[in-house]
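Residue-level structural notes
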Amino acid sequence: MSGKYGFGGGIELPKADTPKPRIALDQGALKDAVEAGTTLGFVSREPSTAKRKPGPKRTEAQDKVSIPGPKRVIDQFRAFCTEQNVTLWEGLDLLLQGRGR
């Protein structure tokens, strides 16, 4: 065999052509195309800058509370929420609404 991998004198690669210059886009035509796409329902594929967690749309400001307490009380509260088929914050809201009775 002649040479490594069976190529005696190597292989001849085609000569690289000079890169073609990019054509300048007509900004007016580009803007018209984007507007036409928007009216047809196309959406941008650019990544959004605002990151939100998936879930229902929040209609009011959100906050967090962490309340350490006796396990029996926390377990009782979680059981209440499970029985009522509500989330923890909804269970807290139910209990707060009933405090005026």
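These remarks concern the structure in this document. For clarity, every value in this text was computed on a predicted model and none was experimentally measured.

1. Considering the layout of surface pockets
Considered as a void within the structure, the largest pocket measures approximately 920 Å³ in volume. What lines the largest pocket is a set of 19 residues, and nearest its centre among them are Asp 63, Val 65, Leu 88, Trp 89 and Leu 92. Sorting the residues of the lining of the largest pocket by element identifies helix H2 (71-84) and helix H3 (88-97) as the ones contributing at least two each. Residue contributions to the lining of the largest pocket peak at five residues, all from H3. Residues belonging to the lining of the largest pocket are distributed by class as follows: nine nonpolar, three polar and seven charged.

2. A closer look at the packing of H2 against H3
Running from amino to carboxyl end, H2 crosses H3 at an angle of 95°, the nearest separation of the two axes being 9 Å. Accordingly, the angle class assigned to the pair H2 and H3 is roughly perpendicular. Facing Phe 77, Arg 78, Phe 80, Cys 81 and Gln 84 of H2, the residues of H3 in contact are Leu 88, Gly 91, Leu 92, Leu 94 and Leu 95. Looking at the contact of H2 with H3 residue by residue, the classes come out as seven nonpolar, two polar and one charged.

3. Focus: the pattern of salt bridges
Two side chains of opposite charge can pair, provided their charged atoms sit close to one another. One pass over the full model with this rule turns up one salt bridge. With its nearest N and O atoms 2.9 Å apart, the salt bridge here joins Lys 71 to Asp 75. Taken together, the positions of Lys 71 and Asp 75, both in helix H2 and four residues apart, correspond to about one turn of that helix.

4. Quick word on unusual backbone geometry
Residue Asn 85 is not a glycine yet carries a positive backbone phi of 55°. By secondary structure assignment, the location of Asn 85 is in the loop between H2 and H3. Owing to a relative accessible area of 70%, Asn 85 belongs among the exposed residues under this scheme.

The rules behind each value
- Residues numbered from 1 in each chain as written.
- Predicted model: local features only at pLDDT ≥ 70, side-chain atom pairs only at ≥ 80, totals over all residues.
- Heavy atoms only, no water.
- 1 Å grid on protein atoms, 1.4 Å probe; cavity = no way out; pocket = protein on both sides within 12 Å on 5 of 7 lines; lining within 4 Å.
- Points joined across faces, edges and corners; volume = space filled by probe spheres on them.
- Helix = DSSP H or I, 4+ residues; strand = E, 2+ residues; numbered from the N terminus.
- Nonpolar A, V, L, I, M, F, W, Y, C, P; charged D, E, K, R; others polar.
- Axes fitted to C-alpha atoms, helices over the stretch in contact; angles between N-to-C directions.
- Parallel < 35°, antiparallel > 145°, perpendicular 65-115°, else oblique.
- Contact = heavy atoms within 4.5 Å.
- Salt bridge = Lys/Arg side-chain N within 4 Å of Asp/Glu carboxyl O.
- Buried < 20%, exposed > 50% of the residue type's maximum accessible area, 1.4 Å probe, protein only.

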